[in-house]
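Per-entry structural report
Read off the chains here:
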Amino acid sequence: MDALVNKRIAQVIKGDQNAFAEIVELYQHRLYQICYRMLGNKHEAEDIAQEAFMRAYVNIHTFDQNRKFSTWLYRIATNLCIDRIRKKKPDYYLDAEVRGAEGLNMYSSIANDDELPEDELVKMEIQERVQYEISRLPEKYRAAIVLKYIEELPLAEISEILDLPLGTVKTRIHRGREALRKQLSNL
């Protein structure tokens, strides 16, 4: 896939806008998921994902094709998410949509014929609580936790995305996990 992406990037640099549309098609869902997991809001995640693609398009000439495009793109999105988190007011969640409405749409698509509706509801509530607690983590831990456990990226790639040494990434993941464990201890 990297070869295909690098070929499309070369076409974009030559001026072919349709080639970038193919790149967007390849990465849009995964990029949106990263943004949603970091921000916890559907509309903000869509905005940030779109902004990340726009910045990638404008700066495509700076991309080093010896590296993975996904890492570069996820780094742009992660930085934009962190900027958005920093700009939020502390009372943001008081005016936000009810979390149950978004979670219901996302988690109800998981197919499992064996579970009772009550079990699914409990499971959804736990998932919502975990997502909420992740959103309460400091942004430096949140980014590392989302990329490691939600997006399941390898530590080396997380290190590149966050532009941090590998040891720092491991420390942030460990501390983020410990903070989550404390927050969820009564669950």
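Presented here is a report on the structure given in the accompanying data block. Not measured: the values here are computed from a predicted model.

A word on the overall build of the chain
In terms of regular secondary structure, the chain is built from 10 helices and 0 strands. For the chain, the α and β elements follow one another from N to C terminus as α-α-α-α-α-α-α-α-α-α. Burial analysis of the chain (187 residues in total) assigns 37% to the buried set. If you take every contact in the chain between residues at least 6 apart in sequence, the share linking residues at least 24 apart comes to 66%. When the accessible surface of the chain is split by element, carbon and sulfur atoms take 51% of a total near 11200 Å².

Some remarks on unusual backbone geometry
Phi is positive for Glu152, close to 55 degrees, though the residue is something other than glycine. Residue classification places Glu152 among the exposed residues on the basis of a relative accessible area of 66%. You will see that Asp163, though not glycine, has its phi angle at about 55 degrees, which is positive. Among the secondary structure elements, Asp163 is positioned in the loop between α9 (155-162) and α10 (166-183). Looking at Asp163, the relative accessible area reads 52%, which means it is exposed.

Details of the packing of helix α8 (residues 139-150) against α9
The contact between α8 and α9 brings their axes to 10 Å, and the two run at 140 degrees. The interaxial crossing formed by α8 with α9 has right-handed handedness. Across the interface between the two elements, Ala143, Ala144, Leu147 and Lys148 of α8 pack against Leu155, Ile158, Ile161 and Leu162 of α9. Counted by class, the contact of α8 with α9 contains 7 nonpolar, no polar and 1 charged residues.

Side note on the packing of aromatic side chains
Geometrically, a pair of aromatic rings is defined through the distance of the ring centres and the angle of the planes. Under the criterion given, the structure shown has 7 aromatic pairs. Ring centres of Phe20 and Tyr57 lie 5.0 Å apart, and the angle between their planes is 65 degrees; this geometry places the pair in the edge-to-face category. Of this pair, Phe20 sits in helix α2 (residues 17-39) while Tyr57 sits in helix α3 (residues 42-58), and the two are 37 residues apart along the sequence. Chaining the aromatic ring pairs together yields one cluster made of Tyr27, Phe63, Phe69 and Trp72.

A few points about the packing of α9 against α10
Between α9 and α10, whose axes approach to 9 Å, the crossing angle comes to 100 degrees. Taken together, the axes of α9 and α10 lie roughly perpendicular to each other. Between α9 and α10, the residues in contact are Leu155, Ala156, Ile158 and Ser159 and Leu166, Val169, Lys170 and Ile173, respectively. Within the contact of α9 with α10, the residues separate by chemical class into 6 nonpolar, 1 polar and 1 charged.

Parameters at a glance
- Residues numbered from 1 in each chain as written.
- Predicted model: local features only at pLDDT ≥ 70, side-chain atom pairs only at ≥ 80, totals over all residues.
- Heavy atoms only, no water.
- Helix = DSSP H or I, 4+ residues; strand = E, 2+ residues; numbered from the N terminus.
- Buried < 20%, exposed > 50% of the residue type's maximum accessible area, 1.4 Å probe, protein only.
- Contact = heavy atoms within 4.5 Å.
- Areas by Shrake-Rupley, 256 points an atom, 1.4 Å probe, with all protein chains shown as cover.
- Axes fitted to C-alpha atoms, helices over the stretch in contact; angles between N-to-C directions.
- Left-handed = near helix turned anticlockwise from the far one by under 90°.
- Nonpolar A, V, L, I, M, F, W, Y, C, P; charged D, E, K, R; others polar.
- Phe/Tyr/Trp six-rings, centres within 6.5 Å; stacked < 30°, edge-to-face > 60°.
- Parallel < 35°, antiparallel > 145°, perpendicular 65-115°, else oblique.

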